[in-house]
Amino acid sequence: MACYTANWDPLGEEAFYRKFELYSMAWNLKEDLRDCLVAAAPYGGPIALLKNNFRKEKSPASRPLLEIYSASGVPLASVLWKSGQVVQLGWTASEDLLCIQEDGTVLIYNLFCEFKRHFSMGNEVLQNHVREAKVFHTEYGTGVAILTGAHRFSLTTNIDDLKLRRMPEVPGLQKLPSCWAVLSQDRVTIILLAVGQDLYLLDNTSCSVVTPPGISPHAGAYVQMAVSFNYYYLALFTDTGSIWMGTSSLKEKLGEFSCDFRAPPRQMVWCTRPRSKQRAVVVAWDRRLLVAGNSKECIQFVLDEDSYLVPELDGVRIFSRTTHEFLHEIPEASEEIFKIASMAPGALLLEAQREYEKQSQKADEYLREIKDQNLLAEAVRQCIEAAGYEHEPETQKSLLRAASFGKCFLDKFPPESFVRTCRDLRVLNAIRDYQIGIPLTFAQYKQLTIEVLLDRLVLRRLYPLAIKICEYLRLSEFQGVSRILAHWACYKVQQKDKSDEEVAHAINQKLGDTPGISYSEIAARAYDCGRTELAIKLLEYEPRSGEQVPLLLKMKKSQLALNKAIESGDTDLVYTVVLHLKNELNRGTFFMTLQKQPVALSLYRQFCKHQELETLKDLYNQDDDHQELGNFHVHSSYSSEKRIEGRVAALQNAVDEYYKAKNEFAAKATEDQIKLLRMQRRLQDELDKPYVDYSLHDTVYGLILDGNHKRAEQLYRDFRIPDKRFWWLKISALAEREDWEEMEKFSKSKKSPIGYLPFVEICMKHHNRHEAKKYAARVTPEQRVKAHILMRELDQAADAAIEHKNENEMNLVLSKCTAATDSSVVEKINRAKAQILKK
Amino acid sequence: MAFAGRRDAPDGPDFTVLKRLARDQLIYLLEQLPGKKDLFIEADLMSPLDRIANVSILKQHEVDKLYKVENKPIVSTSDQLCFLVRPRIKNMKYVADIVNADKAMGRSRKYKIIFSPQKFYTCELVLEEEGIYGDVTCDEWAFYLLPLDDDLLSMELPEFFRDYFLEGDQRWISTVARALQLLNSLFGPFANTYGIGRCAKMVYEVWRELVEESEGDSQARRPDISHVFLMDRDVDYVTALCSQVVYEGLVDDTFRIKCGNVDFGPDVTSSDRSFKVLLNAQDKVFSEIRNEHFSNVFGFLSQKARNLQTQYDRRCGMDIKQMKNFVSQELKGLKQEHRLLSLHIGACESIMKKKTKQDFQELLKTEHSLLEGFDIRESTSYIEEHIDRQVSPSESLRLMCLLSVTENGLIPKDYRSLKTQYLQSYGPEHLLTFHNLKRIGLLTEQAPGETLTAMESKVSKLVTDRAAGKLTDAFNSLARKSNFRGISKKLGLIPHVDGEYNLKLPRDMAYVFSGAYVPLSCKIIEQVLERKGWLGLEEVVRLLNGNEFAPTEPLMEENPAWEAQRVILVVFLGGCTFSEISALRFLGKEKGYKFIFLTTAITSSARLMDAMLEAKV
């Protein structure tokens, strides 16, 4: 390990930089990078190349070719470019490729070169053409800034919520600026541009001239500028070879560096990291790379071939045709441990562990030295942290081993950081693998979060790896595995070479009933791909019917939707489908469909009852439901029709329907009602009293009450009122009239069909004991007891009961006795009962 | 089942949380419409609302004036109108009329409709058709359950019965399922669910889906309620059709208890005022007599009166200090008790007066004969006379239905003549009532030539011939038949007692019907709980037209120490009567269960009959 620091280069007193290889590129690139339009996504993202873009002749053989590679140069996809002239490529935060055309159209592709959508940057851009463009990322999302042929800037800060902004004019600008950059300060996006020796700041409304603090008046014209990853810092390169470094607010100067080269660099980017000791700029010319900071010295590398710089959160990636390297400032923990002759606790611990492995007693010495300073915990912490910064698994392991060794001698070292680092490193090593090709550093990974990383794996269709990671990190199913499976399934349905059965089966086998999986979403995707049958099959796996219905409707599978809605037991859903059907089908078919579905039919009827009465009738008609039609007419004869004629007509309709329904009873009853209505109408006219809407009973009762016995008799005959009823009715009415004479006459008209007890009862009800007595005498012997009771003659009732020797009757009398007043009766009966018992 | 002696029934869970939840949500909804507003409340919701949030709470949340939703123009001058309604189409039209009238006058106000307990798609549709969908905002007040008493939860949805059983409208199913899920999340998880009836099954299935959707939030909790029993009203119409003779049932039959309140009129209060009395377990006097057979109530009340007098009388021998204590501590309670006592005595007198006038005993005798299946001819004539004399339309109808349900339909001759008589007595519009009754199976005609015995022999043949193992055509013809006689025999619903049935010390649930009949619904519940399922009840289930269900595997081991094991939620779909509640309370005391009742509404024979009428506008 003596050579560990071999690739370290000091910059000034404080910081070291190192450059090491991430991958040797798998692509067999024939072209030079300078001949291609290049875009590489940050956070170890994919690389897009547009070849042949700059050729002027457009023969079919030399059409531009768009290719996308992983960071390790593994080809992901390619497509022949058939659209317009591309000015700039760029990646969005969600790893979609933006292709900005000369005419201001921006085409969006996913990382498999599949076209997603496009949008335009506006008319002004269309007319004046795009001369330069930049893609930038802010807290609002991914933005695009355009410099047009008319030397005007247009930009949008979020391409997913497109709001175009045209920046104000720069006064006196006659040619393209020599360089420009997008800045984001306090949530405002502004543009900094350089024209010769002047710097302009463009915000929403105004254009102002600015001067960087502390810049030498002889610095010369600006030819290149660079903004740091986090927008905090700005670097300016002038044609005198001077580099000014400061804050992007232009309030503070960080340093200045003069280099020997005056040629405008190909690229200039910041190389910093969180908690940097030294903020440095990396400048690239064709064959030369220079790292400059706030120091007289600089680091220089020779570039063997065209290289492309990708600024990252904590360093710079540099790739060329053959290699992909990472250049960064050595983090503090690593520096402490690995610096030559370092006596930092971490370095000692690493040494101790090595000696321990060699079974040397020096291990104890080193350990003692740390422990004496009471720095063992610090040492362990350093080793854990440094392990995170290492790319080589071997180095990671030796650092972690040292940490683990040190931990043994500590009582209460919390294990979380160690465990977490081990886990995270396993994940990182897995995705850094050249097949996967995502060279994330520890710091980038923490910034990106595991959720986003999983999304990116899903985007690359690396489902098994994503699932493995979820399982390994024990993420909740909902967040992890099932989400990924759902993505997988959505991708799976697009595989057109497999049959519907195969796909549906494969999906169900993988997904089963994993919680959080929505089969309807997958089915919707299948439908979007034009695979209706597959969508239906997938919906079968959806356990919640409520989720199935909307998609089925969308797919015009209304019958199936209706079945599912009914199955769900959710009537709102049924109504949704029914009313959908109502609009979709003609009336006849609609009704036929309903007839087959009683549940839906009842619901629709309920709705019609309140809202569309006529439709209700049509429904019954369609079904030849004469019974219901009859009821419908009867109902309307009471509710909607007011005139007698209208009511009679409605009832007549009802009669016809009832006959058709073979319901003779209802037909006859309705006919009777028509007859009665007409009769009541006549009575009402003749007698000037309200009779309409009374029942037959009440009508007759009313007639008798008014003394119209003749008419009452007529109704009695016409409507064949049973004798019993008529007698009850008549004597009640007469009693109410207190027409005792007529009652007596009536009682003698013929033998009473209801006996004479009712007479007694009714007289007593009207408190006429005298009249009651007359009828009591005519009551049959069996009813005599009751008659006496009714007349409250308990003594006689008792006598009669005793005479009948009927125990039930005796008990009945007893139950009417009260102890206080009827003691003699009680005694009498009890005696009689005792006598019966004796026998 | 080995009930080692009588165990004390556990205490039920505390349902006041339901009220609190409902109140908080209502307040939240009212605050969604900031500023002063007038509140229009649907008549049906007034009493339930009163139990949740009184006027002062509403005022606190800037409700200015309160109006009842009724069919006449409104007079409100407020700029914000809030409607608290059931999800009914007619209410939507009511709101639409108001909004459209305002529009015509060029007046702009804010309108908000709060649906209780939930919004239906049809409501929104009507709002859309009336062209005011964009003018109103809609909200749902998830007020599913009103605790009427310690053990009684009501959904206050009387229309459930007609909607589901008559019209075949299933829209309340999900509402019930949600109510069940609410209880499940608060007092569950329910381990064992039993049930019978088509509706019960559907509710169960929809509820299970809700549970699965919300899985994972309350797994390890120990439940307060572990068993649930769901039952459709149409499983047992007989019980609901009988005259009630337990005090609470009688009070309901006589005065109609509304939302736990009863209005005692001047004849009860023996003054010129009427009193609104809240009847629940908090009423000391009532709680002791509510479940008693009426014949015991008077005796109990007079005993109580004497006790009260003695307590009052203690005053005489007191010194000043004792007197001070008495006045400050006991007197108020005594006075309160005194007031309640006199009210209940008044109610009893009033009931006696009414019930003796129509010869209540005679009526009960007829009912008992119908239940036992004796002297059918005599009972039929009694009913005929009842109709002829226009005693009461709903009573007459009830008796006809009871006859039909117990006899598996009327013989054709009676079916026609009784209907004719009825139409003559109470008006021809009842033709529609009869149609409804036939459809729901309450008043039907026996198929010609198919007498009861023939039917029974067919049934018993089917039952014994189980080897066939499938439902034959004969069975399909049994659909909607009540088969009461067969069921009664199988379950022993008619107790055979020698001598008088001791109503003071009842021995079974039959006491709620004077010892003449054990309510079928309650008997089924008893049997299923005892057997932990439907095993051995196959014949009964078939006679009840099936649709039974039980947990496929016992989800919970019997653990006698676990109180919740014996707390059982009984869900009546389509309503339950106070008699059934009394009967199950009695069963609970006997067997050490605590029954909790959840009903779509409290029902009674009169309410069932009313539900069958076609509204005459």
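Residues numbered from 1 in each chain as written. Chains lettered and ligands numbered in written order. Predicted model: local features only at pLDDT ≥ 70, side-chain atom pairs only at ≥ 80, totals over all residues. Heavy atoms only, no water.

### Focus: the overall build of chain A
For chain A, the count of helices and strands is 33 helices and 29 strands. Within chain A, the fraction of its 839 residues that count as buried is 53%. Per element, the accessible surface of chain A, about 39,200 Å² overall, is 49% carbon and sulfur. (Helix = DSSP H or I, 4+ residues; strand = E, 2+ residues; numbered from the N terminus. Buried < 20%, exposed > 50% of the residue type's maximum accessible area, 1.4 Å probe, protein only. Areas by Shrake-Rupley, 256 points an atom, 1.4 Å probe, with all protein chains shown as cover.)

### Some thoughts on helix H17 (residues 571-584) of chain A
Since the α-helix packs 3.6 residues into each turn, any two residues three or four apart lie on the same face. Helix length check: H17 of chain A (14 residues) gives 19 Å between terminal C-alpha atoms against 20 Å at 1.5 Å per residue, within 8%. Residues Thr571, Asp572, Leu573, Val574, Tyr575, Val577, Val578, Leu579 and Leu581 of chain A constitute the buried set of H17 of chain A. At its buried positions, H17 of chain A is contacted by helix H15 (545-554), helix H16 (558-568), helix H18 (587-595) and helix H19 (598-611) of chain A together with helix H5 (121-129) and helix H7 (171-187) of chain B. (Expected span 1.5 Å × (residues − 1). Contact = heavy atoms within 4.5 Å.)

### A short note on the interface of chain A and chain B
Of the residues lining the interface, 47 residues belong to chain A; the matching set on chain B comes to 46 residues. Summed over both partners, the interface of chain A with chain B buries about 3,900 Å², with 54% contributed by carbon and sulfur atoms. Applying the counting rule to chain A against chain B returns 4 salt bridges. Across the pair Glu761 of chain A and Arg389 of chain B runs a salt bridge whose closest N-O atoms are separated by 2.7 Å. Along the contact surface separating chain A from chain B lie 23 residue pairs in polar contact (both at pLDDT 80 or more). Elements with a minimum of two residues in the side of chain A that touches chain B: H17, H19, helix H21 (626-639), helix H23 (664-687), helix H24 (696-705) and helix H26 (723-737) of chain A. Ranked by residue count, the leading element in the side of chain A that touches chain B is H19 of chain A, at 8 residues. Classifying every residue of the side of chain A that touches chain B gives 17 nonpolar, 17 polar and 13 charged. (Buried area = accessible area lost by both parts, 1.4 Å probe. Salt bridge = Lys/Arg side-chain N within 4 Å of Asp/Glu carboxyl O. Polar contact = N/O pair within 3.5 Å; in protein donor to acceptor, adjacent residues only side chain to side chain. Nonpolar A, V, L, I, M, F, W, Y, C, P; charged D, E, K, R; others polar.)

### Here's the deal with the sheet that holds strand S23 (residues 267-271) of chain A
Residue and element names in this part refer to chain A. The 4 strands lie next to each other as S23-S24-S25-S26, forming an open sheet whose pairing is antiparallel. Only two strands of the sheet have a single neighbouring strand rather than two, namely S23 and strand S26 (298-302). For this sheet the average axis-to-axis angle between neighbouring strands, irrespective of direction, equals 20°. Here strand S25 (residues 288-292) pairs with S26 via 5 bridges, running antiparallel. Within the sheet, the bridge partner assigned to Val291 lies in S26 and is Ile299. (Pairing = 2+ DSSP bridges. Axes fitted to C-alpha atoms, helices over the stretch in contact; angles between N-to-C directions.)

### Some remarks on a negative patch on the surface
Together, Glu521 and Glu547 of chain A together with Glu212 and Glu213 of chain B make up a negatively charged patch on the protein surface. Of note, Glu547 of chain A is situated in helix H15. (Patch = residues over 30% accessible without salt bridge, like charges linked within 9 Å, V, L, I, M, F, W, Y side chains within 5 Å. Lys, Arg positive; Asp, Glu negative; His and termini not counted. Charge placed at Lys NZ, Arg CZ, Asp CG, Glu CD.)

### As for a positive patch on the surface
A surface patch of like charges, here positive, comprises Lys668, Lys675 and Arg720 of chain A together with Arg416 of chain B. With respect to the secondary-structure elements, Arg720 of chain A resides in the loop between helix H25 (709-718) and H26. Exposure remark for Arg720 of chain A: the relative accessible area of 65% places this residue in the exposed category.

### Focus: the side chain of Ser604 of chain B
All names here are of chain B. Structurally, the position occupied by Ser604 is in the loop between strand S14 (594-599) and helix H26 (605-612). Owing to a relative accessible area of 2%, Ser604 belongs among the buried residues under this scheme. If near-sequence neighbours (up to four positions away) are discounted, Ser604 is found in contact with Ala240, Gln244, Asp252, Asp253 and Thr577.

### Quick look at the side chain of Gln101 of chain A
Residue and element names in this part refer to chain A. In this fold, Gln101 is placed in strand S8 (residues 97-101). Take Gln101: its relative accessible area is 5%, and that puts it in the buried class. Among all residues touching Gln101, those that are not within four sequence positions of it are Trp81, Ser83, Gly84, Gln85, Val86, Val87, Leu107 and Val130.

### Some points on the sheet that holds strand S16 (residues 188-195) of chain A
Residue and element names in this part refer to chain A. Spatially, the 4 strands line up as an open sheet ordered S15-S16-S17-S18, and their pairing is antiparallel. The sheet is open, and its two borders are formed by strand S15 (179-185) and strand S18 (207-210), each paired with just one other strand. The sheet shows a mean angle of 25° between the axes of neighbouring strands, direction not considered.

### Let's talk about unusual backbone geometry
The omega torsion of the bond from Ser116 of chain B to Pro117 of chain B falls at -5°, within 30 degrees of zero and hence cis. Relative to the elements of secondary structure, Pro117 of chain B occurs in the loop between strand S4 (110-115) and H5. Within the chain, His151 of chain A stands out as a residue other than glycine whose phi angle is a positive 60°. At Tyr231 of chain A, a residue that is not glycine, the phi angle is positive and equals roughly 70°. Here Tyr231 of chain A shows up in the loop between strand S19 (222-227) and strand S20 (233-238).

### What to know about the packing of helix H1 (residues 16-31) of chain B against helix H2 (residues 43-52) of chain B
All names here are of chain B. One way to put it is that H1 packs onto H2 with a least axis distance of 9 Å and a crossing angle of 105°. Relative to H2, the element H1 lies roughly perpendicular. Across the interface between the two elements, Lys19, Ala22, Arg23 and Leu26 of H1 pack against Leu49, Arg51 and Ile52 of H2. Tallied by class, the residues present in the contact of H1 with H2 amount to 4 nonpolar, no polar and 3 charged. (Parallel < 35°, antiparallel > 145°, perpendicular 65-115°, else oblique.)

### Quick notes on the UniProt feature "coiled-coil region" (unreviewed entry) in chain A
The residues that UniProt annotates with the feature "coiled-coil region" (unreviewed entry) are residues 349-376 of chain A. Structurally, residues 349-376 of chain A is divided into 75% helix and 0% strand, and its ends, taken at the C-alpha atoms, are 8 Å apart. (UniProt positions renumbered as here; feature names shortened; annotations may be inferred.)

### With respect to the pattern of salt bridges
When their charged atoms lie close together, side chains carrying opposite charge are able to pair. Enumeration according to the criterion identifies 80 salt bridges over all chains in this entry. Close ionic contact of Arg456 of chain A with Glu95 of chain A constitutes a salt bridge, the shortest N to O distance being 3.3 Å. Here Arg456 of chain A is found in helix H9 (residues 450-459), whereas its partner Glu95 of chain A is found in the loop between strand S7 (86-91) and S8, with 361 residues between them in sequence. Across the pair, Glu95 of chain A and Arg456 of chain A agree in class, each one buried. Between Arg585 of chain B and Asp151 of chain B there is a salt bridge, with its nearest N and O atoms 2.9 Å apart. Of this pair, Arg585 of chain B sits in helix H25 (residues 578-591) while Asp151 of chain B sits in the loop between strand S6 (146-149) and strand S7 (152-154), placing them 434 residues apart in sequence. With respect to burial, Arg585 of chain B and Asp151 of chain B carry one shared label: buried. Residues joined in a network through salt bridges with shared partners are Lys609 and Glu628 of chain A together with Arg162, Glu167 and Arg439 of chain B.

### Concerning H25 of chain B
Its 14 residues place the ends of H25 of chain B 20 Å apart at the C-alpha level, agreeing with the 20 Å of an ideal helix rising 1.5 Å per residue. Where H25 of chain B is concerned, the buried positions are Phe578, Ser579, Glu580, Ile581, Ser582, Ala583, Leu584, Arg585, Phe586, Leu587 and Gly588 of chain B.

### Quick word on the state of the cysteines
Applying the stated criterion across every chain, the model contains 0 disulfides over all chains. Unpaired in this structure, Cys123 of chain B has its nearest cysteine sulfur neighbour in Cys138 of chain B, at a distance of 8.3 Å. (Disulfide = S-S within 2.5 Å.)

### Considering the packing of helix H20 (residues 613-622) of chain A against H21 of chain A
Residues and elements named next belong to chain A. Orientation of H20 relative to H21, taken along the N-to-C sense of each, is 150°, at an axis distance of 8 Å. Taken as axis vectors, H20 and H21 run roughly antiparallel relative to one another. The way H20 lies across H21 gives a crossing that is left-handed. Contact residues: H20 offers Leu613, Leu616, Lys617, Tyr620 and Asn621, while H21 offers Glu628, Leu629, Phe632 and His633. (Left-handed = near helix turned anticlockwise from the far one by under 90°.)

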